[in-house]
Amino acid sequence: MHERAPARVQFVKFRWAEHDGRPTCPHCRSDAVNTYKRRHIYKCKRCDRQFSATSGTPWAYRKLGFRKLMIIISVFADNLQAVTARALARQLRLNYKTVLLWVHKLREVVAHHASLQTLRGEVEIDGSYHGGYVRPKNTQKTRKDHRKVPYRANDRAFAVVGARQRDGSIRTWVAKQEAHARPFICEAIEPGSKVFADKASGFGPMRGRFQVFQINHDEAFYTPEACTNGIETLWALMRVMGRTHRHIAQNYLDLYAAEAAWTLLKSKKAEGQAFTELMDWMSKPRRSPLAGYFQGRKRFLPVCQPDRTLAQWRPAPRKGRIDFIKKDGTSIEFKPRRTRDKTWQEEWSFLSADTFLTKPDAVPNGPGVYALFARGEAALLTASGFVEQPGLPLWLHEGASHIYTGETYGIRGRLLEHLTGSIRGSPLRETLLAVQFDLGLLQAAPVQEQRALVEGRLTEWMRDNVIIGFKSCGYVRDMERIILSATASPMNLARSNVNAYTKSLHDRRRRFRDQVVSAWPEVAAPTVPRRRR
């Protein structure tokens, strides 16, 4: 048995624990499945769909092996205070960003499980402010404690409000003020429970729903009537975590608070129970909200509002800051990478069709996208029935209108096919000839000479009126899709949206083939020599 097989078997047992570890199709709930010898996946006999032990769970689309994932959970669950992603990455010899994402996913599933708990009986509630620290002045006379109001930077300070059931679960929320979390606390606690709090004004109105006992911390830490030391232990642990992690990002404050609450509870559980809980929660069918974290889907902090809603908050960008990176030994200004939707018009090269046909080497023969622009094409497009849509403008370059866009892995060869080829290999040439035929612009000629005459006239017209634009890039199909979704391309029929104009072009091409091309003599397709294998 392979050394990683036991870890994979454990994942299978946790994934289908309700079916005694027997793989079950997540789509039709059938346990009649086939297995593969070379791949660790299953195929349902009823619906013919393939799935694995991680499909539909937060483990989906993983790149790490099962064994290393279990080690990450083990270290995360067994540590009684905190463990940094940097230390865990060094221990497992993994990339820091990989470990950081998986640890964040573990915190998120802990927070999700805690949000499903209901508190009852005796419940302690309290709040603590985190973040917003401003470095004090150097001179002692003007030095103030900037961690306290009114010197704290309130735009970056949040209150973590916690509710702890004695000998039970812990719930946490994040708000700008403690009173803003009161409606969420009332929903999490059963009516008639006993609530213990301090003298904060936001907890007084809860008396109509619960039995509220408050303690004045200016006089005592606890009294026989009220005590909140249980929930205040959470703030002590969060301060320890703050020193360990050095910095807790504010848009992940609720996840760190949920981790601290779970850490307090797991210290009283049996050995190995915390690991089993995490494996069970991560194996439940559910998509992780942190999926695509490093593809730009950064997380927002859910902040409690007075109107019982959650606002999505993210730190504001730092204004006036310029970052520099070293490239080839010199420092250059760092500019964040923009998406292809915003940069598709950049890095294009343009030249006339005549220049290209005179010197084809001016265009590389690698992968990329290309665009063809035609001068004086407005009259032809208008006569053919093309109408520019408001949300899809026509791309113009030096007075020429964009008529066609394509993607290829050999730009030079594809452009030569469009400009000097035949309608057999170029759909653009067939569309242009069909439009000219429908408008009566093709001149009559003997059938034997008509093909060469028509093709030659179109080649000369394109040599005189067409401008070529090309751009070398990867992911050529994605780039072509972005271009077609941002600008009009009248002669693109394969991937454009179906509308009245494209339907008319299809009808014209059909009539052109039936009435003209069908009478032309057949031309033998070019033979391609076979390669030796």
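What you see as residue numbers is a count from 1 along each chain, following the sequence as written. In keeping with the model being predicted, local features are shown solely for residues with a pLDDT of at least 70 and side-chain atom pairs are shown and tallied solely at 80 or more, while totals for entire chains, interfaces and linings include all residues. Only hydrogens and water are set aside when side-chain values are computed; all heavy atoms of the structure are taken into account.

> What's the story with the layout of surface pockets in this structure? I'm lost.
Vacant regions in the atomic arrangement are exposed by a probe of water-molecule size rolled over the atoms. Any residue with an atom within 4 Å of a point lines the site, the site being either a cavity, points on a 1 Å grid over the protein atoms alone where a 1.4 Å probe fits but cannot get out, or a pocket, an open set with protein on both sides within 12 Å along at least 5 of 7 lines. Grid points are joined across faces, edges and corners, and a volume is the space filled by probe spheres set on the points. Estimates place the volume of the second largest pocket at around 990 Å³. Lining the second largest pocket are 36 residues; nearest its centre among them are Ala 60, Tyr 61, Arg 62, Lys 63 and Trp 102. Mapped onto the lining of the second largest pocket, the elements with two or more residues apiece are helix H1 (5-15) and helix H4 (96-115). Numbering goes from the N terminus for both helices and strands, where a helix is a DSSP run of H or I of at least four residues and a strand is a run of E of at least two. A total of 5 residues in the lining of the second largest pocket trace back to one element, the largest contributor, which is H4. Gly falls in the polar group here, along with every residue not listed as nonpolar (Ala, Val, Leu, Ile, Met, Phe, Trp, Tyr, Cys, Pro) or charged (Asp, Glu, Lys, Arg). Grouping the amino acids of the lining of the second largest pocket by side-chain chemistry returns 16 nonpolar, 11 polar and 9 charged.

> How should the sheet that holds strand S2 (residues 42-44) be read in this particular structure?
Sheets are built from strands paired through backbone hydrogen bonds, the pairs being either parallel or antiparallel. Following DSSP output, two strands are said to pair if at least two bridges run between them. Strand order in the open sheet formed by 3 strands is S1-S2-S3, with antiparallel pairing between adjacent strands. The open sheet has two edge strands, strand S1 (33-35) and strand S3 (50-51), and neither has a second partner.

> Before we go on, may I ask you to explain empty space enclosed by the protein in this structure?
Under the definition given, this model contains 1 cavity of 30 Å³ or more. Looking at the largest cavity, the residues that line it are Phe 76, Asn 79, Gln 81, Ala 82, Glu 259, Trp 262, Thr 263 and Lys 266. Sorting elements by how many residues they give to the lining of the largest cavity places helix H7 (residues 253-266) first, with 4 residues. For the lining of the largest cavity, a count of residues per class yields 3 nonpolar, 3 polar and 2 charged.

> Hey, could you run me through the packing of aromatic side chains in this one?
Any aromatic ring pair is given by two values, namely how distant the centres are and how the planes are angled relative to each other. Side-chain rings of Phe, Tyr and Trp, where Trp is taken by its six-membered ring, are said to pair if the distance between their centres is within 6.5 Å; with planes under 30 degrees apart they count as stacked, over 60 as edge-to-face, and otherwise as tilted. What the rule picks out here adds up to 19 aromatic pairs. The interplanar angle of 75° and the centroid separation of 4.8 Å between the aromatic rings of Phe 158 and Trp 313 together place this pair among those described as edge-to-face. You can see Phe 158 sitting in strand S5 (residues 158-165) and its partner Trp 313 sitting in strand S10 (residues 310-313), a full 155 residues away along the chain. Grouped by ring-pair contacts, the aromatic residues Trp 344, Trp 348, Phe 350, Phe 373 and Trp 395 constitute a single cluster. Charge-over-ring placement is defined geometrically: NZ (Lys) or CZ (Arg) within 6 Å of the ring centre, and within 35 degrees of the ring normal. One cation-aromatic arrangement involves Arg 86 over Tyr 96; the distance from NZ or CZ to the ring centre is 3.9 Å. Positioned above the aromatic ring of Trp 102, the side-chain terminus of Lys 105 is 4.5 Å from the ring centre.

> Looking at this model, I keep getting lost on the nonpolar core. Mind explaining?
The nonpolar side chains of a soluble globular protein tend to be buried, and buried together. In terms of nonpolar packing, the biggest core is built from 58 residues, with Trp 59, Ile 72, Leu 234, Trp 262 and Leu 278 touching the most fellow members. Two residues form a contact once any of their heavy atoms are found within 4.5 Å. Not counting residues within four places of it along the chain, the set of residues in contact with Leu 234 comprises Ile 170, Thr 172, Ala 257, Ala 260, Ala 261 and Leu 264. Among buried residues, the Ala, Val, Leu, Ile, Met, Phe, Trp, Tyr and Cys ones that are joined through side-chain atoms within 4.5 Å form a nonpolar core. In this scheme, a residue with accessible area under 20% of its type's maximum is buried, one over 50% is exposed, and one in between is partly exposed, where area comes from a 1.4 Å probe on protein chains only. Among the nonpolar cores identified, the runner-up in size contains 38 residues, and Leu 357, Ile 403, Leu 415 and Phe 470 belong to it.

> Can you walk me through the side chain of His 104 in this structure?
With respect to the helices and strands, His 104 occurs in helix H4. For His 104, a relative accessible area of 3% gives the class buried. Beyond its immediate sequence surroundings of up to four residues, His 104 is in contact with Tyr 252, Leu 255, Tyr 256, Leu 290 and Tyr 293.

> Please clarify how the confidence of the model for the chain should be interpreted in this entry.
Do not read the fine detail of predicted coordinates wherever pLDDT is low. Predicted confidence across the chain gives a mean pLDDT of 84, with 86% of residues reaching 70 or more. Element-level pLDDT for the chain is lowest in strand S11 (residues 324-327), with a mean of 67, against a maximum mean of 94 in strand S6 (residues 170-175). Every residue is assigned a pLDDT by the predictor, reflecting its confidence on a scale from 0 to 100.

> Got a minute to help me understand the environment of Thr 358 in this structure?
Take Thr 358: it is sitting in helix H10 (residues 353-358). Polar contact criterion, stated in full: a pair of N or O atoms within 3.5 Å, where within protein one must be able to donate a hydrogen and the other to accept it, and residues adjacent in sequence count only if both atoms are side-chain atoms. At a separation of 2.7 Å, a polar atom in the side chain of Thr 358 contacts the main-chain carbonyl oxygen of Asp 354.

> Could you clarify how one ought to interpret the sheet that holds strand S17 (residues 466-472) in this entry?
Spatial strand order, S13-S17-S14-S16-S15: 5 strands in an open sheet with antiparallel pairing. Strand pairing shows two members of the sheet lacking a second neighbour, strand S13 (349-352) and strand S15 (396-397), which therefore form its edges. Packing of helix H15 (residues 476-486) onto the sheet brings it into contact with strand S14 (368-374), strand S16 (400-408) and S17, and relative to S16 it is tilted by some 155°. Fitting a line to C-alpha atoms yields each axis, with helices limited to the stretch in contact; the angle taken between N-to-C directions then spans 0 to 180 degrees.

> Explanation requested: the pattern of salt bridges in the structure shown.
Side chains that differ in charge, positive against negative, can pair when their charged atoms come close. Any carboxyl oxygen of Asp or Glu within 4 Å of a side-chain nitrogen of Lys or Arg constitutes a salt bridge here. For the structure shown, the criterion picks out 16 salt bridges. Close ionic contact of Arg 286 with Glu 108 constitutes a salt bridge, the shortest N to O distance being 2.6 Å. Of the two residues, Arg 286 is situated in the loop between helix H8 (273-282) and strand S9 (301-304) and Glu 108 in helix H4; the sequence distance between them amounts to 178 residues. On the accessibility criterion, Glu 108 (8% relative accessible area) is buried. Arg 513 is the partner of Glu 430 in a salt bridge, and the nearest nitrogen-oxygen pair spans 2.6 Å. Taken together, the positions of Glu 430 in helix H13 (residues 427-438) and Arg 513 in helix H16 (residues 500-515) put the pair 83 residues apart, joining distant regions of the chain.

> What exactly am I supposed to notice about the environment of Cys 44 here?
Looking at the element boundaries, Cys 44 is found in strand S2. Using a relative accessible area of 1% as the deciding quantity, one classes Cys 44 as buried. As a C-alpha pair, Cys 44 and Val 33 span 11 residues in sequence and 4.4 Å in three-dimensional space. Once residues within four sequence positions are removed from consideration, Cys 44 is found in contact with Cys 25, Cys 28, Ser 30, Ala 32, Val 33, Arg 49 and Phe 51.

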